[in-house]
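Residue-level listing of the chains:
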Amino acid sequence: MKNSGVFVFAISALFYCSAALADDAACMAGATEKGSFFSSRTYSAEDEFPDTPPLDTFKRLNIYVLKDGWRINQADRELGTISASQDVAGSEGKQTSLNIIVEPLGVHGSKASATFQIGFGQAVIGVDVLKGMCGMLSGTGKPGAGG
């Protein structure tokens, strides 16, 4: 298959802008990477916002994802879910997916979890992806954060 071993530079660059926001040690400590180059890979991260209501976190993440160039396939305010995809640079027909869940936390807070998936033969710099995911979550969940 043509371009099956493509290096996906755009995926690493995808979270570049948000990587500077990744100051959340708790998010990075719990972030995970599963899979391998020869199978699919899944990156997961989560963050908690005890003072930000779930709807506020959901709205900010929805706006952030759109501004970051993702195509939102589904967003459900009631369930707190966002499902997005993005075409893979240099690989016709392939996509990556980003799924976000926003849940209530305590009385007034929220918890956001994100999962990013890439397919077989796609390569990224894992730590950059995880830093970017934590930056996205941290930067949008804190009180006063914009989208």
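About the cut-offs
- Residues numbered from 1 in each chain as written.
- Predicted model: local features only at pLDDT ≥ 70, side-chain atom pairs only at ≥ 80, totals over all residues.
- Heavy atoms only, no water.
- Buried < 20%, exposed > 50% of the residue type's maximum accessible area, 1.4 Å probe, protein only.
- Helix = DSSP H or I, 4+ residues; strand = E, 2+ residues; numbered from the N terminus.
- Pairing = 2+ DSSP bridges.
- Core = buried A, V, L, I, M, F, W, Y, C linked by side-chain atoms within 4.5 Å.
- Contact = heavy atoms within 4.5 Å.
- Disulfide = S-S within 2.5 Å.
- Phe/Tyr/Trp six-rings, centres within 6.5 Å; stacked < 30°, edge-to-face > 60°.

Peer 1: Please set out the pairing of strand E6 (residues 109–118) residue by residue, giving values where relevant.
Peer 2: Of all 10 residues making up E6, 7 are buried, and the element is well covered by its neighbours. Pairing of strand E2 (residues 41–49) with E6 involves 9 bridges; the strand directions are antiparallel. Across the sheet, residue Thr42 finds its bridge partner in E6, namely Gln117. Where strand E5 (residues 95–105) and E6 come together, 9 bridges link them in antiparallel fashion.

Peer 1: Describe the nonpolar core, naming the residues involved and giving the relevant values.
Peer 2: Core analysis: the largest hydrophobic core is formed by 26 residues, its most contacted members being Leu98, Ile100, Met136 and Leu137. Of all the elements, helix H5 (residues 126–141) adds the most residues to this core, at 6 residues. If near-sequence neighbours (up to four positions away) are discounted, Leu98 is found in contact with Val65, Trp70, Ile82, Ser83, Ala84, Ala114, Thr115, Phe116 and Met136.

Peer 1: If you had to explain the state of the cysteines to someone new, which residues and values would you point to?
Peer 2: Considering all chains together, one arrives at 1 disulfide under this definition. The disulfide that involves Cys27 links it to Cys134, with 2.1 Å between the sulfurs. Residues Cys27 and Cys134 are joined by a disulfide whose S-S torsion is about -85°; by sign, that bridge is left-handed. Of this pair, Cys27 sits in helix H3 (residues 25–30) while Cys134 is found in helix H5, placing the two residues 107 residues apart along the sequence.

Peer 1: Got a sec to walk through the packing of aromatic side chains? Specific residues and values, please.
Peer 2: A ring pair, where both rings are aromatic, is described by two values, the distance of the centres and the angle of the planes. Scanning the entire structure with this criterion turns up 2 aromatic pairs. Judged by centre distance (6.1 Å) and plane angle (35°), the ring pair of Tyr43 and Phe116 falls under tilted. Of this pair, Tyr43 sits in strand E2 while Phe116 sits in strand E6, and the two are 73 residues apart along the sequence. Accessibility expressed as a relative area gives 0% for Tyr43, which makes it buried. The class for Phe116 is buried, based on a relative accessible area of 0%. With a centroid separation of 6.0 Å and an interplanar angle of 90°, the aromatic rings of Trp70 and Phe116 are classed as edge-to-face. Of the two residues, Trp70 is situated in the loop between helix H4 (54–67) and strand E3 (71–76) and Phe116 in strand E6; the sequence distance between them amounts to 46 residues. Judged on exposure class, the residue Trp70 and its partner Phe116 are both buried.

Shape is all these values report; function is a separate question.
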